[in-house]
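# Understanding the architecture of this molecule
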Amino acid sequence: GMHHRASGTSMASPAAAGIAAAFLEYCPNANWEDFKTALIAGAKSDGFPGSAPNDRWGYGKADAVNTLKYFQPKSSLVSDGNALCEGKSLDISLGENFPSVLWTSGQTASTISVNQGGVYFATLTNELGCVGYSDTLVVFERPNPAKPIIGIEGDLPACENDPVTLRVSEIFGAYHWSNGSFLDHILVDKPGS
């Protein structure tokens, strides 16, 4: 068969119209000026069309994906880490504000407080009705350690100035005694709690 080269507005118009239809479906509150901005900004100028803009290629080759992504909302997340202790909570905030927010937890505020481990991100909708997503934060819930058992090394009742050692028999990641010690044991030579 014979093939003929076809170019110009007869070929470009249907492609641009298709990209416009997809863009206006993706961003239902947008107008033609928003589409024009996204189409121009998303155009590829990979060297073939020459220096853009020019009279032959305009702003470059139309790129539907770049056009659709131009107004796509996205946001970073701000939090004090990604772990919480059992029974505690952790605040997670979006890096900016959006007219509509829906977190994986079902909450709709820009800042949420979570009290359990899980995967958290928000579905975002901007003023143009375009939908996008925040970053994702995986939150780990750390269980509270079991109540320690304190063992006594030495004779009770102890005589005055006769010290005894109090020791935690289990191994924990950190210790903090009432006297300020951070060891797994303390030497006690005075009565008290």
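For the structure given in this document, a descriptive report is provided here. Computed from a prediction, not measured in an experiment: that's the story for all the values here. Sequence order as written defines residue numbering, which begins from 1 separately in each chain. At least 70 in pLDDT is required for a residue's local features to be given in this predicted model, at least 80 for side-chain atom pairs to be given and counted, and no such filter applies to totals for whole chains, interfaces and linings, which use all residues. Note that the side-chain values use all heavy atoms of the structure and ignore hydrogens as well as water.

This part is about the state of the cysteines. Working definition: the covalent bond between the sulfur atoms of two cysteines is a disulfide. Criterion for a disulfide: a pair of cysteine sulfur atoms within 2.5 Å. The final tally for this structure, using the stated rule, is one disulfide. A sulfur-sulfur distance of 1.9 Å marks the disulfide that ties Cys27 to Cys130. Because the torsion about its S-S bond is 120°, the bridge between Cys27 and Cys130 counts as right-handed. With Cys27 in the loop between α1 (9–26) and α2 (32–42) and Cys130 in the loop between β8 (122–125) and β9 (131–134), the pair connects residues that are 103 residues apart, well separated along the chain. Secondary structure elements are defined from DSSP: runs of H or I of at least 4 residues count as helices, runs of E of at least 2 residues count as strands, and each element is numbered from the N terminus.

What follows deals with the packing of aromatic side chains. Working definition: a ring pair exists when centres of Phe, Tyr or Trp rings (six-membered ring for Trp) sit within 6.5 Å. Plane angles under 30 degrees give stacked, over 60 give edge-to-face, the rest tilted. For the coordinates displayed, the defined rule picks out five aromatic pairs. Summarising the aromatic geometry, the rings of Phe23 and Phe35 are spaced 5.6 Å apart at their centres and angled 50° between planes, so their arrangement reads as tilted. Linking Phe23 in helix α1 with Phe35 in helix α2, this pair joins segments that are 12 residues apart in sequence. Relative accessibility thresholds used throughout: buried, under 20% of the residue-type maximum; exposed, over 50%; partly exposed, between the two (1.4 Å probe, protein chains only). For Phe23, a relative accessible area of 0% translates into the label buried. A relative accessible area of 12% means that Phe35 is categorised as buried. Taken together, a centroid distance of 6.2 Å and an interplanar angle of 55° make the contact between Phe23 and Phe71 tilted. Taken as a pair, Phe23 in helix α1 and Phe71 in the loop between α3 (64–69) and β1 (74–75) lie far apart in primary sequence, 48 residues in all. The rings of Phe23, Phe35, Tyr70 and Phe71 are connected pair by pair, giving a single aromatic cluster.

The next thing to look at is a nonpolar patch on the surface. Like charges within 9 Å and nonpolar side chains (Val, Leu, Ile, Met, Phe, Trp, Tyr) within 5 Å are joined into patches, using only residues over 30% in relative accessible area that form no salt bridge. Calculation of accessible area relied on Shrake-Rupley with a 1.4 Å probe; when residues are assessed, cover is drawn exclusively from the protein chains displayed. The rule for a salt bridge is simple: a side-chain nitrogen of Lys or Arg has to be within 4 Å of a carboxyl oxygen of Asp or Glu. Where nonpolar side chains cluster on the molecular surface, the patch consists of Val119, Val138 and Phe140 and spans about 240 Å² of accessible area. Along the chain, Val119 falls in strand β7 (residues 118–120).

At least two DSSP bridges between two strands are required for those strands to pair. Pairing analysis gives three bridges linking strand β3 (residues 83–85) to strand β10 (residues 137–142), with the strands arranged parallel. Bridging from a neighbouring strand, Cys85 pairs with Arg142 of β10. With three bridges joining them, β7 and β10 adopt antiparallel strand pairing. By the bridge assignment, Gly118 is partnered in β10 with Val139.

Strand pairing in a sheet relies on backbone hydrogen bonds. The paired strands run either parallel or antiparallel. If you trace the three strands from one edge of the open sheet to the other, you get β3-β10-β7, paired in mixed fashion. Unpaired on one side and paired on the other, β3 and β7 mark the two borders of the sheet. With strand direction ignored, the average angle separating the axes of adjacent strands in the sheet is 30°. Fitted lines through C-alpha atoms give the axes, limited to the stretch in contact for helices. The angle between two N-to-C directions lies from 0 to 180 degrees.

Here we take up the sheet that holds strand β2 (residues 77–79). The antiparallel open sheet is built from three strands, whose spatial order is β2-β4-β6. Edge positions in the sheet fall to β2 and β6 (111–114), since each has one partner strand and no second. Between one strand axis and the next, the sheet turns through 25° on average, direction left out of account. Of the pairings in the sheet, the one linking β2 to strand β4 (residues 90–94) comprises three bridges and is antiparallel in character. When the sheet's bridge partners are listed, Val78 is paired in β4 with Ser93.

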